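# Descriptive structure summary
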Amino acid sequence: LAGARADVNPDEVASVIWKYFTELGSNAKETVDQLQQNELTKQINTLLESNLRSVNSYTEDLQRRLVPFAKELQARLEQDSQRLKEQIQRELAELRAKLAPYADEVHQQMGSNIRQLQAKLSPYAEELREQVDRGAGELWQALQPLAAELRERLQDNAEGLQASIEPYTQRLQAQIDGRVEEMKERLVTVADLLKAQVGQNVGELRKGLSPYAQEVQEGLERQLQSLTAQMEKATEELRGRLAASSEELRAQLSPLAEELRQVAGGDAESLRQRLAPLAQRLDQQLEQRLEAFRLRAAPFGETLGRQLVEKLEEMKRKLDSGTAGVEDHLELLEKEVREKVAAFLSTVPPVVD
């Protein structure tokens, strides 16, 4: 299979390795050896197999290369950890000293950018809420008539009822799948637009601060890159939560069709007796599950907005105080992990069949 390497997403692999590192750091010492020998191999295997099910030999080869690379990378990052901490502190102290003559202007620029971000995010949060409400409403409009139709079908004779249930359940499942997929696509589209807006806002901040930081552009750029990475990660997580919530809704609705299918598979004599309770509560179950989805997913936009504003405010505090926290160190470490994994995967030749 030519070009098999393209099926491996470097960011997904980096996420597995970074998760392994963070789990390793949070586990008790006595579990470290077990994690080192088993967990990383298992996680990478799972990722590669899910992406490369048709090229097992390539998966095995890449796994053999990648696990030792990840362990070597871990040792390297542990050695570089103190260097990165010192580098962050030094750059922030230098930034603060160089920006001191322009402290008021920088403060105002950051405050203005924060207010702009709040204003720009608000319409997207509202659009996301409207799309969630719209999607839930459309699902209800599509499924509620099917629930009413099921109650009407109970008037058929047993043989006719049994024969009609299978096509009915297929239509119910098709409506669930189609409507959920449409809604998911609309929601992730809003998330993608929001991500682009966030990138634009950081670009405006970079442009606004550039006159005050000519002598420390490298240090400022590193802080802005860190901010960008944080915001992109937050918006990607939103995208993932929206997709996951849509799939969770599908998983909650699909058993309704399956339950009907199972009932229809029984004997015709008792079909009406067993089907009647399902038909009676179908409306209620649909409504409850759609409302639970709406309440869960609708606030995602507002939550992300607060999260992104907090990140901007945190950067403002760093520039004011010249101090960094553990998060800065971890962000740079994670950035380094992702860069090194991407570089490593780019050197692995694709398999040619």
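Residues numbered from 1 in each chain as written. Predicted model: local features only at pLDDT ≥ 70, side-chain atom pairs only at ≥ 80, totals over all residues. Heavy atoms only, no water.

With an unreviewed UniProt entry as reference, the chain is termed Apolipoprotein A-IV, source organism Turnix velox. What UniProt states about the chain under its Subcellular location (unreviewed entry) heading is, verbatim, "Secreted". For the chain, the Function (unreviewed entry) comment in UniProt is given as "May have a role in chylomicrons and VLDL secretion and catabolism. Required for efficient activation of lipoprotein lipase by ApoC-II; potent activator of LCAT. Apoa-IV is a major component of HDL and chylomicrons." (UniProt positions renumbered as here; feature names shortened; annotations may be inferred.)

## Description of the pattern of salt bridges
Opposite charge on two side chains permits them to pair, given that their charged atoms come into close proximity. Enumeration according to the criterion identifies 20 salt bridges in this entry. Between Arg 281 and Glu 259 there is a salt bridge, and its shortest N-O distance comes to 2.8 Å. Of this pair, Arg 281 sits in helix 7 (residues 271–297) while Glu 259 is found in helix 6 (residues 217–264), placing the two residues 22 residues apart along the sequence. Residue Glu 259 is classed as partly exposed on the basis of its relative accessible area, which comes to 29%. Put simply, Lys 316 and Asp 320 hold a salt bridge, and the shortest N to O gap is 3.9 Å. Residue Lys 316 and its partner Asp 320 are located together in helix 8 (residues 300–321), separated by four residues, close to a single helical turn. The class of Asp 320 is partly exposed, set by a relative accessible area of 35%. The network of salt bridges with common partners includes Asp 177, Glu 181, Lys 184, Glu 247 and Arg 250. (Salt bridge = Lys/Arg side-chain N within 4 Å of Asp/Glu carboxyl O. Helix = DSSP H or I, 4+ residues; strand = E, 2+ residues; numbered from the N terminus. Buried < 20%, exposed > 50% of the residue type's maximum accessible area, 1.4 Å probe, protein only.)

## Some thoughts on the layout of surface pockets
Estimated volume of the largest pocket: approximately 720 Å³. Every residue lining the largest pocket is counted, 24 residues in all, and those nearest its centre are Ala 229, Gln 230, Lys 233, Glu 334 and Arg 338. Elements with a minimum of two residues in the lining of the largest pocket: helix 1 (10–26), helix 6, helix 8 and helix 9 (326–347). The element best represented in the lining of the largest pocket is helix 6, accounting for nine residues. Class assignment of the residues belonging to the lining of the largest pocket gives a composition of five nonpolar, five polar and 14 charged. (1 Å grid on protein atoms, 1.4 Å probe; cavity = no way out; pocket = protein on both sides within 12 Å on 5 of 7 lines; lining within 4 Å. Points joined across faces, edges and corners; volume = space filled by probe spheres on them. Nonpolar A, V, L, I, M, F, W, Y, C, P; charged D, E, K, R; others polar.)

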